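# Architecture at a glance
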Amino acid sequence: MYLARVITLSDKGYMGERLDTSGPALVEMLKSVGFAPESDPVILPDTWSLIESNLKQSVKDGIALVLTTGGTGVSPRDITPDVTRTIIEKEIPGMAEAMRSASSQKTPHAMISRALVGIAGKTLIVNLPGSRKGATENLEAIIPALMHAVEKIHGDPTDCGG
Ligand SMILES: Nc1ncnc2c1ncn2[C@@H]1O[C@H](COP(=O)(O)OP(=O)(O)OP(=O)(O)O)[C@@H](O)[C@H]1O
Ligand SMILES: Nc1nc2c(c(=O)[nH]1)N[C@H]1C(S)=C(S)[C@@H](COP(=O)(O)O)O[C@H]1N2
C-alpha cells in the first residue's frame, strides 16, 4: 500500500478559527481508493517556508502521494502552487487540466484555481482547492488515473493500455 499525506493550508485552520473539514474528507477518499494515508492531516498557515519544508520532508519520508488543500487561488496569501513549482522536478499538466475541466462543469470559479500536479523524487504532489467541496470534487476528477500514476512513478514495468 502506498503511503499518503494530506497537508491543509489554511491560516484560519492553523489558528484554530475554522475546523478543517477538507483534510479529513480527503483522508477518507484516499482510504476508499486503496492508499494508506496518515490519519491526521498536517495543518499549516499559508507561509512559504513552512509549506516548502513540509513538502521536502514528505519526499524524505518516502510519502508516495501528497495532497495539499488550500491556497491555490488568487488571494494575496495563496501561494501553494508557487511553492510546489519550486519543489517538483516534473510537472503533470494533464492531471491539473483534468481537475479544472471537470470542475468547470460544477462552477465557473474552477478556472481561478492555479493548482499544479507534479513529481518530486518519488513523491506525487497534487494541489487541491481549500473548500471541502472544491477539494473533493477536484480529487474525484483524477482518481481514475491516480493509482496508475503512483505505480509508474515507483517503476511499475508493466505495459500500459492493457
Ligand atoms: N480546511 C478547510 N476546511 C473547511 N473549509 C475550508 C477550508 N479551507 C477553506 N475552506 C472554505 O473554503 C473557502 C475558500 O477557501 P480559502 O482558502 O480561499 O479561504 P480563506 O478564508 O482565505 O482561508 P484561510 O484564511 O484559512 O487561509 C473558505 O472561505 C472556507 O469557507
Ligand atoms: N470542483 C470545484 N473546483 C473549485 C471550487 C469548487 O467549489 N469546486 N471552488 C473554486 C474556488 S471558489 C476557488 S477561489 C478556487 C481556489 O480555491 P482555494 O483558493 O481555496 O485553493 O478553486 C475553485 N475550484
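Values in this document were obtained by computation on a predicted structure and should not be read as measured data.

Conventions adopted
Residues numbered from 1 in each chain as written. Chains lettered and ligands numbered in written order. Predicted model: local features only at pLDDT ≥ 70, side-chain atom pairs only at ≥ 80, totals over all residues. Core = buried A, V, L, I, M, F, W, Y, C linked by C-beta atoms within 7 Å. Buried ≥ 20, exposed ≤ 12 C-beta atoms within 10 Å, placed from the backbone. Helix = DSSP H or I, 4+ residues; strand = E, 2+ residues; numbered from the N terminus. Contact = placed C-beta atoms within 7 Å. Near = placed C-beta within 6 Å. Nonpolar A, V, L, I, M, F, W, Y, C, P; charged D, E, K, R; others polar. Axes fitted to C-alpha atoms, helices over the stretch in contact; angles between N-to-C directions. Parallel < 35°, antiparallel > 145°, perpendicular 65-115°, else oblique. Left-handed = near helix turned anticlockwise from the far one by under 90°.

A few words on the nonpolar core. If you look at the biggest cluster of nonpolar residues, it comprises 34 residues, and the most contacted ones within it are Ala 4, Leu 26, Leu 65, Val 66, Leu 67, Val 117 and Ile 125. Those elements that provide at least two residues to this core are β1 (3-9), α2 (22-32), α3 (48-60), β4 (65-69), α4 (80-87), α5 (93-104), β7 (123-128) and α6 (132-153). The greatest single-element share of this core, amounting to five residues, is contributed by α6. Those residues in contact with Leu 65 that lie beyond four places of it in its chain are Tyr 2, Ala 4, Phe 35, Leu 124 and Val 150.

This next bit is on the site of ligand 1. Close to ligand 1 lie 16 residues, the nearest being Ser 10, Asp 11, Lys 12, Gly 130 and Ser 131. When residues of the shell around ligand 1 are assigned to their parent elements, the largest contribution, three residues, is made by helix α1 (residues 11-14). For the shell around ligand 1, the class distribution of residues is no nonpolar, 10 polar and six charged.

We now examine the packing of α5 against α6. Interaxial distance between α5 and α6 falls to 8 Å at its minimum, and their mutual angle equals 130°. When the axes of α5 and α6 are compared, the pair comes out oblique. α5 and α6 meet at a crossing whose hand is right-handed. On α6, the residues touching Met 95, Ala 98, Met 99, Ala 102 and Ser 103 of α5 are Glu 137, Asn 138, Ala 141, Ile 142 and Ala 145. Of the residues belonging to the contact of α5 with α6, the class tally is seven nonpolar, two polar and one charged.

On to the packing of α3 against α4, then. One way to put it is that α3 packs onto α4 with a least axis distance of 10 Å and a crossing angle of 45°. Taken together, the axes of α3 and α4 lie oblique to each other. Handedness of the α3/α4 crossing: right-handed. For the pair formed by α3 and α4, the contact residues are Trp 48, Ile 51, Glu 52, Leu 55 and Lys 56 on the first element and Thr 80, Val 83, Thr 84 and Ile 87 on the second.

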